[in-house]
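Geometric and topological summary
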Amino acid sequence: MLHGGLSHRLSWFSQLPWLVSSGREIVLIDSRGHGRSGLGGGELSYERHAADVIAVMDALHLQKVDIIGWSDGGNTALVLAHLRPQRVNRIVAISANHDPSGLTEEARADAALPANSVTHWVNRWWTDAGPKTRELEQRIKRMWLSGPTLTPEDLTGIRCPVLLIAGGRDVIRVEHVQEMAGLIAGAELEIVADGGHSLPVTHAGWVGRRIGAFLGIPTAQ
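Examining the environment of Trp206
Looking at the secondary structure, you find Trp206 in helix H10 (residues 204–215). A residue is classified by how much of its surface remains accessible, and Trp206, at 28% relative accessible area, is partly exposed.

Here it is, written out as structure tokens:
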């Protein structure tokens, strides 16, 4: 399970109880710089996040996995499916984009601005990143404006089953998600008309049922 940018592993709090009770092995990752994971040097990229996921899989001796990714986590999952297809079984990508043009104008404008004191306080709490929050904010906003860099040809090369979910009021343009669904062979698409960018929280029951149906996992909702 791959969380979004400027959050951390426990942002999946609504999904964890039924996933754990289903008996599936669940792996939660704090992506680079978030939660308990170090930030390291250099710029952030989705390719770097993907390499980190492979490193965790190798350490846990997991050869092939289903991935549930939200926002940056969904982007990372799609990059993994492109670069390391033999390691990915199925993908649920919630509020993902394949290049920066997928962001709304408002989202791109926000990414270009430094965090103010209020958003920094929220980010410090929501990321659980502590003193590395300020540097993380700066690097991750640069990443949002420069990546991911998956081309239409890259998307057509993805062969694993993919479920794309987005909100009608998301920071990702609906047309962009529809384009992705048309390029990925056999991709399933769900647009939640009244949803924003926080569907796993605001529409937790529906998201859980849809993930469960796609992955064949019983849900309690």
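On we go from here.
Details of a nonpolar patch on the surface
Judged by side-chain polarity, Val118, Trp121 and Val122 come together as a nonpolar surface patch covering roughly 330 Å² of accessible area. A relative accessible area of 58% places Val118 in the exposed class.

Here's the deal with the sheet that holds strand S4 (residues 188–192)
The sheet built from four strands is open, its strands ordered S1-S2-S3-S4 with parallel pairing. The open sheet is flanked by strand S1 (65–70) and S4, the only strands paired with a single partner. Adjacent strand axes in the sheet meet at a mean angle of 10 degrees when their direction is disregarded. Alignment of strand S3 (residues 162–167) against S4, held across five bridges, turns out to be parallel. Bridge assignment links Leu163 to a residue of S4, and that residue is Glu188. Helix H3 (residues 72–83) contacts S1, strand S2 (88–94) and S3 of the sheet and is inclined by roughly 140 degrees relative to S1.

A few points about unusual backbone geometry
Cis geometry is found at the peptide bond from Gly147 to Pro148, where omega equals 0 degrees. Take Pro148: it is sitting in the loop between helix H6 (133–146) and helix H7 (152–156). Here the phi dihedral of Leu6 falls at roughly 60 degrees; this positive angle occurs in a residue that is not glycine. Within the fold, Leu6 resides in the segment before helix H1 (16–21). Given the relative accessible area of 6%, Leu6 is considered buried. Here the phi dihedral of Ser71 falls at roughly 60 degrees; this positive angle occurs in a residue that is not glycine.

Quick notes on the side chain of Asp154
One can find Asp154 in helix H7. The charged side chain of Asp154 is buried without a salt bridge, its nearest counter-charge being Arg159 at 12 Å. Among all residues touching Asp154, those that are not within four sequence positions of it are His82 and Thr149.

Re the packing of helix H5 (residues 117–127) against H6
Closest axis-to-axis distance for the H5/H6 pair is 10 Å, and the angle between their directions is 100 degrees. Taken together, the axis directions place H5 and H6 in an arrangement best described as roughly perpendicular. Contact with H5, carried on its side by Thr119, His120, Asn123, Arg124 and Thr127, involves Thr133, Arg134, Leu136 and Glu137 of H6 and no other residues of that element. Of the residues contributing to the contact of H5 with H6, the split by class is one nonpolar, five polar and three charged.

Section: helix H8 (residues 174–183)
Three or more residues of H8 are buried, namely His176, Val177, Met180 and Ala181. For H8, the angular spread of buried residues about the axis comes to 140 degrees, placing them on one side. Facing away from the buried surface of H8 by more than 90 degrees, the exposed residues are Glu175 and Gly182. For H8, the secondary structure elements touched by its buried residues are H3, H7, S3 and S4.

A short note on the pattern of salt bridges
What the rule picks out here adds up to eleven salt bridges. Across the pair Arg32 and Asp52 runs a salt bridge whose closest N-O atoms are separated by 2.9 Å. With Arg32 in the loop between H1 and helix H2 (46–59) and Asp52 in helix H2, this residue pair connects regions lying 20 residues apart in the sequence. Among the residues examined, Asp52 registers a relative accessible area of 24% and is labelled partly exposed. Note that Arg142 is salt-bridged to Glu43, the shortest N-O span being 3.0 Å. Of this pair, Arg142 sits in helix H6 while Glu43 sits in the loop between H1 and H2, placing them 99 residues apart in sequence. Residue Arg142 is classed as partly exposed on the basis of its relative accessible area of 39%. Sharing partners across several salt bridges, the network here consists of Arg24, Asp66 and Arg90.

Quick notes on the rules
Residues numbered from 1 in each chain as written. Predicted model: local features only at pLDDT ≥ 70, side-chain atom pairs only at ≥ 80, totals over all residues. Heavy atoms only, no water. Helix = DSSP H or I, 4+ residues; strand = E, 2+ residues; numbered from the N terminus. Buried < 20%, exposed > 50% of the residue type's maximum accessible area, 1.4 Å probe, protein only. Patch = residues over 30% accessible without salt bridge, like charges linked within 9 Å, V, L, I, M, F, W, Y side chains within 5 Å. Areas by Shrake-Rupley, 256 points an atom, 1.4 Å probe, with all protein chains shown as cover. Salt bridge = Lys/Arg side-chain N within 4 Å of Asp/Glu carboxyl O. Pairing = 2+ DSSP bridges. Axes fitted to C-alpha atoms, helices over the stretch in contact; angles between N-to-C directions. Contact = heavy atoms within 4.5 Å. Lys, Arg positive; Asp, Glu negative; His and termini not counted. Parallel < 35°, antiparallel > 145°, perpendicular 65-115°, else oblique. Nonpolar A, V, L, I, M, F, W, Y, C, P; charged D, E, K, R; others polar. Arc of directions from axis to C-beta.

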